[in-house]
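Coordinate analysis (summary)
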Amino acid sequence: MPPARQHPSIEGRTQSAIEGFLRRHGADRLPHPGGTLLQHLLRVQRLLAAWGAGPDVQTAGLCHATYGTDGFATTLLPLTERVTLIALIGEAAEELVYLYASCDRATVYPRIEGSTAVAFRDRFTGREHQPSPDDLRAFLEITAANELDVLAHNAELAEQHGPGLYGFLKRAGSLLSPAAQDAVDRQLGQLP
């Protein structure tokens, strides 16, 4: 398999500013599988970087829990303050953070079948829309990195949700990068 294409990482000053923001909003004090939420977010960002994700996707991965998620209700910043995150990480990365946070997983996950035409339900508004193919791919990369990290640090969750997650991520097919597909197969493919 060819190596993942390399993209620049998040610039050091920006990385420090984002980590400072996350600390000020309590991510370093929130328990999460594998330690704290901040530790998890940093691991997700590093995994995305290793898979060859660009800086906006890496940044979104680092901030993916800012508005809470369908699986992690705690918020670091209310949606009414999206402008704060936009000022810190830029509009493109923030839009990916919002897309990730807004996903109504029970509705969207079953719709993922390897096609870029996915009706995406926003759990905050109840509205449906179709993300661009690039945004859908970014959403799935962040999803894979997030879930693989969580399951790597919680055997009970891995046993309970690993097989279903494996089926979901396999259905994504080529919407995931080859590096992400390989990681999914290595970590989840041997589960019963």
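Provided above is the structure to which this section pertains.
Presented here is a report on the structure given in the accompanying data block. As the structure is a computational prediction, the values presented were derived from the model and not from experiment.

Further remarks concern the overall build of the chain. Looking only at helices and strands, the chain has nine helices and four strands in total. Written out in order from the N terminus, the α and β elements of the chain read α-β-β-α-α-α-α-α-β-β-α-α-α. In summary, the chain has a C-alpha radius of gyration of 16 Å against a globular reference of 16 Å for 192 residues, a match within 12%. Projected onto the principal axes, the alpha-carbon positions of the chain cover approximately 40 × 35 × 35 Å. For the chain, with 192 residues in total, the buried portion stands at 47%. Residue pairs in contact within the chain that sit at least 24 positions apart in sequence constitute 60% of those at least 6 positions apart. Accessible surface for the chain amounts to roughly 9000 Å². Of this, 52% is attributable to carbon and sulfur atoms. Averaging the locations of the 17 positively and 22 negatively charged side chains of the chain gives two centres separated by 2 Å.

This paragraph deals with the layout of surface pockets. Here the second largest pocket defines a volume of roughly 330 Å³. Taken together, 20 residues make up the lining of the second largest pocket; nearest its centre are Gly 71, Arg 105, Asn 146, Glu 147 and Val 150. Among the secondary structure elements, those contributing two or more residues to the lining of the second largest pocket are helix H2 (37–50), helix H7 (133–152) and helix H8 (155–172). Among the residues making up the lining of the second largest pocket, the classes are represented as ten nonpolar, eight polar and two charged.

Evaluated as defined, the whole model comprises four aromatic pairs. On the basis of an interplanar angle of 15° and a centroid distance of 4.0 Å, the ring pair of Tyr 109 and Phe 168 is categorised as stacked. Here the residue Tyr 109 occupies a position in the loop between helix H6 (105–108) and strand S3 (120–121), and Phe 168 occupies one in helix H8, the gap between them amounting to 59 residues. On the basis of relative accessible area, Tyr 109 is assigned to the buried category, the value being 14%. Consider the rings of Phe 120 and Phe 139, whose centres lie 5.2 Å apart with planes at 90°: the pair is edge-to-face.

Basis of the calculations
- Residues numbered from 1 in each chain as written.
- Predicted model: local features only at pLDDT ≥ 70, side-chain atom pairs only at ≥ 80, totals over all residues.
- Heavy atoms only, no water.
- Helix = DSSP H or I, 4+ residues; strand = E, 2+ residues; numbered from the N terminus.
- Rg over C-alpha atoms; globule rule 2.2 N^0.38 Å.
- Buried < 20%, exposed > 50% of the residue type's maximum accessible area, 1.4 Å probe, protein only.
- Contact = heavy atoms within 4.5 Å.
- Areas by Shrake-Rupley, 256 points an atom, 1.4 Å probe, with all protein chains shown as cover.
- Lys, Arg positive; Asp, Glu negative; His and termini not counted.
- Charge placed at Lys NZ, Arg CZ, Asp CG, Glu CD.
- 1 Å grid on protein atoms, 1.4 Å probe; cavity = no way out; pocket = protein on both sides within 12 Å on 5 of 7 lines; lining within 4 Å.
- Points joined across faces, edges and corners; volume = space filled by probe spheres on them.
- Nonpolar A, V, L, I, M, F, W, Y, C, P; charged D, E, K, R; others polar.
- Phe/Tyr/Trp six-rings, centres within 6.5 Å; stacked < 30°, edge-to-face > 60°.

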